[in-house]
Amino acid sequence: MSLSKYDAAYKLILETEQLREKFDVEQRSLLSVMRDKEISKAGWSRYRDCQAMFRTSDLYLREAHNEALKAVKRPTDASIRKIRHNLEMFDESWQNARQYSLIGALS
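Everything in this summary refers to the structure shown in the same document. (Residues numbered from 1 in each chain as written. Predicted model: local features only at pLDDT ≥ 70, side-chain atom pairs only at ≥ 80, totals over all residues. Heavy atoms only, no water.)

1. Regarding the packing of helix H2 (residues 41-73) against helix H3 (residues 77-106)
The test is simple: To obtain each axis, a line is fitted to C-alpha atoms, and for helices this fit is confined to the stretch in contact; angles are then taken between N-to-C directions over 0 to 180 degrees. Under the DSSP-based scheme used, a helix requires at least four consecutive residues in state H or I and a strand at least two consecutive residues in state E, with every element numbered from the N terminus. Should an angle fall under 35 degrees it is taken as roughly parallel, and over 145 as roughly antiparallel, whereas 65 to 115 is taken as roughly perpendicular and any remaining angle as oblique. Here a crossing is called left-handed whenever its near helix is offset anticlockwise from the far helix by less than a right angle, and right-handed whenever the offset is clockwise. Note on residue categories: nonpolar means Ala, Val, Leu, Ile, Met, Phe, Trp, Tyr, Cys or Pro, charged means Asp, Glu, Lys or Arg, and polar means any other residue, Gly included.
Between H2 and H3, the least distance of the axes is 8 Å, while the angle of their chain directions is 160°. By the criterion of interaxial angle, the relationship of H2 to H3 is roughly antiparallel. Viewed along their axes, H2 and H3 form a crossing whose handedness is left-handed. Split by residue class, the contact of H2 with H3 holds 15 nonpolar, eight polar and six charged.

2. A word on the environment of Ala-78
Relative to the helices and strands, Ala-78 resides in helix H3. A C-alpha to C-alpha distance of 37 Å links Ala-78 and Arg-46, two positions 32 residues apart in sequence.

3. A few points about the pattern of salt bridges
Rules: Here, a salt bridge means any Lys or Arg side-chain nitrogen found within 4 Å of an Asp or Glu carboxyl oxygen. Exposure classes here rest on a 1.4 Å probe applied to the protein chains alone. A residue is buried below 20% of its type maximum, exposed above 50%, and partly exposed in between.
If you walk through the whole model with that rule in mind, you get seven salt bridges. With its nearest N and O atoms 2.5 Å apart, the salt bridge here joins Glu-26 to Arg-98. Of this pair, Glu-26 sits in helix H1 (residues 3-37) while Arg-98 sits in helix H3, and the two are 72 residues apart along the sequence. On the accessibility criterion, Glu-26 (19% relative accessible area) is buried. Here Lys-82 and Glu-63 are joined by a salt bridge, their closest N and O atoms 3.9 Å apart. Placement of the pair is Lys-82 in helix H3 and Glu-63 in helix H2, with a sequence separation of 19 residues. Classification of Lys-82 as partly exposed rests on a relative accessible area of 39%.

4. A few points about the nonpolar core
Stated formally: Residues belong to one nonpolar core when they are buried, are Ala, Val, Leu, Ile, Met, Phe, Trp, Tyr or Cys, and are joined through side-chain atoms within 4.5 Å.
Residues Phe-54, Ile-83 and Leu-87 are the most contacted members of the largest nonpolar core, which totals 23 residues. Those elements that place two or more of their residues in this core are H1, H2 and H3. Looking at which element gives the most residues to this core, the answer is H1, with nine residues.

5. Let's talk about the side chain of Asp-58
Note the following rule: It only takes one pair of heavy atoms within 4.5 Å for two residues to be counted as in contact.
With respect to the helices and strands, Asp-58 occurs in helix H2. When neighbours within four sequence positions are excluded, Asp-58 is seen to be in contact with Arg-20 and Phe-23.

So this is what it looks like as structure tokens:
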């Protein structure tokens, strides 16, 4: 195995850990703003939808992190592709959750 696969796996694990920190802070802050604001039935429904969207994002990030932990020991092209795919899916779902929660916080 080439050293570049190990480097790629190491960089991906660092990226997942940095994303985890940003994600946790943003998730807590956006959901707390929505929770403090909502008093209507539709508002609470939107809040639960946002929670589900953030859970989906968290699932992709956890999968990417777990795969990166495995890849640090034995990196393969397939594992690196899987990590990148999970990070792309995380980013898409995080953007959707972020946008939907901002709409909820502002409405």
